[in-house]
Amino acid sequence: PNAIEWLSPLASDDYAEYRDAEFLQRIGAGDLAPDLAKFWPQRGPQWDALARTDRGDLLLIEAKAHIGEILSPGTQAGDTSRPLIEASLAQTANAMGAQPRAAWSDTLFQLANRFAHLHFLRSHNRPAWLVLVGFIRDSDMNGPETAREWDVAYEVAMHVMGLSMRHPLSRYVIHVHPDVALLI
């Protein structure tokens, strides 16, 4: 792409981050809101940033400052929402070819639900990409010094989830590692 249009967070929108039907509206896929409601309950992933390229590709951005952030707790969903989450995670895991795996609803849940939403959009023929941003040299957050540290952390996460690094959605997952020391 030659240009990226940032859709959130924006100063003009008080740096709001979006989820559920609002996230779909923001990326121009509001027509999928009824389908998303059948796939995932309310209070789904809140995206760190959303963007669209000049080719129409949709960028779903999840950013981390330190490796510990990958280790999110399991879902806190109640008895009503949990079965839908577990069914959608199982559908995503199957589509991604996961072999014996930890329960995605209890282990690495944030990464799992990001994959689930990428799977949802791709299965509805939307040109979505998951951009996993792992900042390096963020001394304030005690973050990793190198991109390789992020690579290893994601290799471990994929192993725990029962995924190889090359799975059916891997071509739509982009890892970037901005150097905080160069941004200051």
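You'll find the structure just up there.
No experiment lies behind these values; they were computed from the predicted model shown.

## Things to note about the sheet that holds strand β5 (residues 173-176)
In any sheet, the strands associate via hydrogen bonds between backbone groups, in a parallel or an antiparallel arrangement.
Link 1 in the chain: The strand order across the open sheet formed by five strands is β1-β2-β3-β4-β5, and the pairing between neighbours is mixed. Each edge of the sheet is formed by a strand with only one pairing partner; in this case those strands are β1 (4-8) and β5. Here the average twist between neighbouring strands, direction ignored, is 25°.
Link 2 in the chain: Each of β3 (58-64), β4 (128-134) and β5 is contacted by helix α4 (residues 109-123), which is oriented at about 155° to β4, the strand it contacts most.

## Overview of unusual backbone geometry
It is generally the case that most residues other than glycine have a negative phi and that most peptide bonds are trans.
Link 1 in the chain: The linkage connecting Ser8 with the following residue, Pro9, adopts the cis geometry, with an omega of -10°.
Link 2 in the chain: Following the sequence through the fold, Pro9 ends up in the loop between β1 and α1 (20-26).
Link 3 in the chain: Here Asp14, not a glycine, exhibits a phi torsion of approximately 55°, which is positive.
Link 4 in the chain: Assignment of secondary structure puts Asp14 in the loop between β1 and α1.
Link 5 in the chain: Notably, Asn142 is not glycine yet its phi reads approximately 55°, a positive angle.
Link 6 in the chain: Inspection of the secondary structure puts Asn142 in the loop between β4 and α5 (147-160).
Link 7 in the chain: For Asn142, a relative accessible area of 68% translates into the label exposed.

## Some thoughts on a nonpolar patch on the surface
Link 1 in the chain: Together, Val152, Val156 and Val160 make up a nonpolar patch on the protein surface, roughly 200 Å² of accessible area in all.
Link 2 in the chain: Structurally, Val160 is set in helix α5.

## Thoughts on the packing of aromatic side chains
Link 1 in the chain: Throughout the structure, instances matching the rule amount to six aromatic pairs.
Link 2 in the chain: Ring centres of Phe39 and Trp40 lie 6.2 Å apart, and the angle between their planes is 35°; on these two criteria the pair is classed as tilted. Pair check on accessibility: Phe39 and Trp40 agree, each one buried.
Link 3 in the chain: Ring centres of Phe39 and Phe120 lie 5.3 Å apart, and the angle between their planes is 35°; on these two criteria the pair is classed as tilted. Residue Phe39 is found in helix α2 (residues 33-39), and its partner Phe120 is found in helix α4; the two are separated by 81 residues along the sequence. Across the pair, exposure class does not vary: Phe39 and Phe120 are buried alike.
Link 4 in the chain: What links up through ring pairs into an aromatic cluster is the set Phe39, Trp40, Phe109 and Phe120.
Link 5 in the chain: In this structure, Arg114 packs its charged tip against the face of Trp47, placed 5.2 Å from the ring centre.
Link 6 in the chain: The ring of Trp129 carries Arg122 above its face, with NZ or CZ at 5.4 Å from the centroid.

## Focus: the pattern of salt bridges
Link 1 in the chain: All told, the structure shown has 10 salt bridges when counted by the stated rule.
Link 2 in the chain: Of the charged contacts in the structure, one is a salt bridge between Arg82 and Asp106, with a shortest N-O distance of 2.7 Å. Of this pair, Arg82 sits in helix α3 (residues 82-95) while Asp106 sits in the loop between α3 and α4, and the two are 24 residues apart along the sequence.
Link 3 in the chain: With relative accessibility at 22%, the residue Arg82 sits in the partly exposed group.
Link 4 in the chain: Glu155 is the salt-bridge partner of Arg148, the closest N and O atoms lying 3.1 Å from each other.
Link 5 in the chain: Exposure remark for Arg148: the relative accessible area of 46% places this residue in the partly exposed category.
Link 6 in the chain: Taken together, the shared-partner salt bridges in this structure form one network comprising Glu62, Lys64 and Arg114.

Cut-off values and rules
- Residues numbered from 1 in each chain as written.
- Predicted model: local features only at pLDDT ≥ 70, side-chain atom pairs only at ≥ 80, totals over all residues.
- Heavy atoms only, no water.
- Pairing = 2+ DSSP bridges.
- Helix = DSSP H or I, 4+ residues; strand = E, 2+ residues; numbered from the N terminus.
- Axes fitted to C-alpha atoms, helices over the stretch in contact; angles between N-to-C directions.
- Contact = heavy atoms within 4.5 Å.
- Buried < 20%, exposed > 50% of the residue type's maximum accessible area, 1.4 Å probe, protein only.
- Patch = residues over 30% accessible without salt bridge, like charges linked within 9 Å, V, L, I, M, F, W, Y side chains within 5 Å.
- Areas by Shrake-Rupley, 256 points an atom, 1.4 Å probe, with all protein chains shown as cover.
- Salt bridge = Lys/Arg side-chain N within 4 Å of Asp/Glu carboxyl O.
- Phe/Tyr/Trp six-rings, centres within 6.5 Å; stacked < 30°, edge-to-face > 60°.
- Lys NZ or Arg CZ within 6 Å of the ring centre and 35° of its normal.

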